[in-house]
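Listed below, chain by chain, are the residues.
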Amino acid sequence: MKHESCTESFYKEQVEEDMRARKADDATKLEMQRMVQRYNDYSADDQGGLDGGSDTDEEEGEAELAERLNGIDLEDETASAAIWSRLTESERDEFLRLIDHNEVNALLEPWIPWWIAESEPKVVEVGDSSSQIEPKLQAKHGSVPKILQIGTPVQQLAKKVHPSVLFQIAQASLAYVYMMRHLNGDPRGSNSTTACHDIFMVSPLLPSKVADIYENVHEALIVGLLNIGHEEMRSQAKCALLDDVLAIYSRPEFVAAMISDLYGLVSDFLSTEHPYSKDVKRSMIQRAEKRLYFLHSIVLQLQHETESWQCMVADIAMLRRRYESEGQAVAAAAAADVTAKNSTGKAHKSPSASRITEL
């Protein structure tokens, strides 16, 4: 994908920032155990390549770690601390070293968003059957969520639908891709509370008692980007998020699948036991479910009207180009500043060089 490296760089930074914070929230409870196990596999593979460790040694190491972690209740708020306390000193040091040296990706299972995996062309290479192809690390592909066949004719839900509802859907799309990337494609189970927090943070209209009316899609997306909370978010990061939104909007059925997944997420949250917080209250979840039901009805009704979605894609792409231009301008200004400082430094050295020549 054209901006794939830009996207991966941004989301890697987000994960590293969250890991450095070491907040023992619901998302990290499960992720920490996964990362600990992957750390053990990573360390075993690394040492096996260096000192010729055997498969038996690796299996014994995995069994020994599993025994130490046995009995920890991931639903307990002290789970992260319990896992940390059962690591050896060398395991803790190596775990933190990987994080501090930007090697956290070695601990995370690769995940490819469904809106990218499904939009990429399936290429089959035909060649010599004897040729050897080096196997790559198997990435976890997200599958396109099922489009829920629910909804009510819009005319029965509201006498008049304001045009800004399309802009609200765009902002909800931004919230969805940010949440899915943040949680590495795993928004349910013990991650449900964090997932809802992310969604409501980026798109506060979903749980709100009063819906904001945006003038255009640019306003809706800019507000969403500002709500993420990174005041100094670079243009590169904004482009990465908008690339995801554009991928969602590349097919009308993707938009329907996205809204269905959001609706299913909040509905599942209400039907099961999950911890609430000041940012994720039951009343907020209930309002979000009703609003997503309405948006879902809108999307299903417009699913086959390609003109509406094409106009949205054009506007979103325009905003992306704006951020890209801003990023290029900032980079050019920074380069010019460096050049000016270097020139000034050389100018200051010239008199000294002249005096040395005279002597």
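Structure first, text after, so check above.
Asks: What exactly am I supposed to notice about the overall build of the protein here?
Replies: For the protein, the count of helices and strands is 14 helices and two strands. A buried classification covers 41% of the 359 residues belonging to the protein. In the protein, the share of contacts with a sequence separation of at least 24, taken over all contacts with a separation of at least 6, comes to 81%. On the protein, roughly 20300 Å² of surface is accessible, and the fraction owed to carbon and sulfur atoms is 52%.

Asks: When you look at the packing of helix α9 (residues 192-202) against helix α12 (residues 252-271) in this model, what are you seeing that I'm missing?
Replies: Relative orientation and spacing of two packed helices are given, respectively, by the angle between their axes and the distance between those axes. It is at 11 Å that the axes of α9 and α12 come closest, and there the two elements cross at 130°. Classified by the interaxial angle, the pair formed by α9 and α12 is oblique. Here α9 runs over α12; the crossing is left-handed. Every residue of α12 that contacts α9 at Ser192, Thr193, Ala195, Cys196 and Ile199 is listed here: Leu262, Leu265, Val266 and Phe269. Residues that form the contact of α9 with α12 fall into these classes: seven nonpolar, two polar and no charged.

Asks: Any chance you could explain helix α11 (residues 235-248) here in plain terms?
Replies: In an α-helix, one turn spans 3.6 residues, which is why side chains three or four residues apart end up on the same side. Compared with the 20 Å implied by 1.5 Å per residue over 14 residues, the 20 Å span of α11 between its first and last C-alpha is a close match. With 13 of 14 residues buried, α11 lies mostly within the body of the structure.

Asks: Honestly, the pattern of salt bridges in this entry has me stumped. Any pointers?
Replies: Any two side chains of opposite charge can pair, so long as their charged atoms come close to each other. Per the counting criterion, the structure on display carries six salt bridges. Aspartate 244 is paired through a salt bridge with arginine 181; the nearest N and O atoms lie 3.0 Å apart. Here arginine 181 lies in helix α8 (residues 165-182) and aspartate 244 lies in helix α11, a separation of 63 residues in the sequence. Each member of the pair, aspartate 244 as well as arginine 181, is classed as buried. One salt-bridge network, held together by shared partners, links Arg188, Asp261 and Asp268.

Asks: Is there a simple way to explain the packing of aromatic side chains in this structure?
Replies: How two aromatic rings sit relative to each other is given by the distance of their centres and the angle of their planes. Counting across every chain of the model gives eight aromatic pairs. Both rings, one in tryptophan 114 and one in phenylalanine 254, keep their centres 5.3 Å apart while their planes meet at 85°; by these two values the pair is edge-to-face. You can see tryptophan 114 sitting in helix α6 (residues 114-117) and its partner phenylalanine 254 sitting in helix α12, a full 140 residues away along the chain. The pair formed by tryptophan 114 and phenylalanine 254 is uniform in burial state, with each residue classed as buried. Through a chain of ring-to-ring contacts, three or more aromatic side chains come together here, namely Trp111, Trp114, Trp115, Tyr176 and Phe254. The ring of tyrosine 323 carries the charged tip of arginine 322 above its face, separated from the ring centre by 5.8 Å.

Asks: Teacher, can you tell me more about the nonpolar core here?
Replies: As a rule of thumb, nonpolar side chains are buried together in soluble globular proteins. Residues Trp114, Trp115, Ile169, Tyr176 and Tyr249 are the most contacted members of the largest nonpolar core, which totals 69 residues. Among the elements of the structure, α6, α8, α9, α10 (217-227), α11, α12, α13 (282-302) and α14 (306-358) are those that each provide at least two residues to this core. Per-element accounting of this core gives the leading share, 13 residues, to α8.

Asks: Help me understand the side chain of aspartate 244, please; the structure alone is not making it clear to me.
Replies: Here aspartate 244 falls in the buried class, since its relative accessible area comes to 1%. A distance of 3.0 Å separates the side chain of aspartate 244 from the side chain of tryptophan 115, its partner in a polar contact.

Asks: Mind showing me how you'd approach the environment of leucine 292 here?
Replies: Note that leucine 292 resides in helix α13. The buried category is assigned to leucine 292, whose relative accessible area is 1%. In the structure, leucine 292 is positioned 25 residues away from serine 267 in sequence and 9.9 Å away in space, judged by C-alpha atoms. Residues within four places of leucine 292 in sequence aside, it is in contact with Leu206, Ile259, Leu262, Tyr263 and Val266.

Asks: Honestly, unusual backbone geometry in this entry has me stumped. Any pointers?
Replies: Outside of glycine, negative phi angles account for most residues, and trans bonds account for most peptide bonds. The backbone of asparagine 184 sits at a positive phi, close to 55°, despite the residue not being glycine. Within the element layout of this structure, asparagine 184 appears in the loop between α8 and α9.

Asks: Can you walk me through α13 in this structure?
Replies: In this model, α13 (21 residues) spans 30 Å end to end at C-alpha, consistent with the 30 Å of a helix rising 1.5 Å per residue. Turning to α13, its buried residues number three or more, namely Met284, Ile285, Ala288, Arg291, Leu292, Leu295, His296, Ser297, Ile298, Val299 and Leu302.

Asks: What exactly am I supposed to notice about the environment of aspartate 243 here?
Replies: Relative to the assigned elements, aspartate 243 resides in helix α11. For aspartate 243, a relative accessible area of 7% gives the class buried. Distance in space between the C-alpha atoms of aspartate 243 and alanine 317 is 8.4 Å, their sequence separation being 74 residues.

Rules used throughout
Along each chain, residue indices are assigned from 1 in the same order as the chain's sequence is written. Reporting of local features is limited, given that this is a predicted model, to residues whose pLDDT is at least 70; pairs of side-chain atoms are given and counted only at 80 or more, and all residues count toward the totals for whole chains, interfaces and linings. By convention in this description, side-chain values take in all heavy atoms of the structure and omit both hydrogens and water. What counts as a helix is a DSSP run of H or I of at least four residues, what counts as a strand is a run of E of at least two, and both are numbered from the N terminus. For every residue, the accessible area (1.4 Å probe, protein chains only) is compared with the maximum for its type, and the residue is labelled buried under 20%, exposed over 50%, or partly exposed between those bounds. Residue contacts are counted whenever heavy atoms from the two residues lie within 4.5 Å of one another. Per-residue and other accessible areas were derived by the Shrake-Rupley procedure at a 1.4 Å probe size, with only the shown protein chains allowed to occlude residues. Axis definition: a line fitted to C-alpha atoms, limited for helices to the stretch in contact. Angles are taken between N-to-C directions and run from 0 to 180 degrees. Note that the term roughly parallel is reserved for angles under 35 degrees, roughly antiparallel for angles over 145, roughly perpendicular for angles of 65 to 115, and oblique for everything else. Left-handed describes a crossing whose near helix is turned anticlockwise from the far helix by less than a right angle; the clockwise case is right-handed. Classification used: nonpolar for Ala, Val, Leu, Ile, Met, Phe, Trp, Tyr, Cys and Pro, charged for Asp, Glu, Lys and Arg, polar for all others including Gly. Expected span of a helix, by definition, is 1.5 Å for each gap between consecutive residues, and there is one gap fewer than residues. When a carboxyl oxygen of Asp or Glu lies within 4 Å of a side-chain nitrogen of Lys or Arg, that pair is called a salt bridge. Stacked, tilted and edge-to-face are the three classes assigned to paired rings of Phe, Tyr and Trp, where Trp is represented by its six-membered ring and a pair needs centres within 6.5 Å; plane angles under 30 degrees give stacked, over 60 edge-to-face, the rest tilted. Either the NZ atom of lysine or the CZ atom of arginine qualifies as a charge over a ring when it sits within 6 Å of the ring centre and within 35 degrees of the ring normal. Think of a nonpolar core as a cluster: buried Ala, Val, Leu, Ile, Met, Phe, Trp, Tyr and Cys residues, connected wherever their side-chain atoms sit within 4.5 Å. Whenever a nitrogen or oxygen atom comes within 3.5 Å of another N or O atom, the pair is scored as a polar contact, on the condition that within protein one atom can donate a hydrogen and the other can accept it, and that pairs from neighbouring residues in sequence are kept only if both atoms are in side chains.

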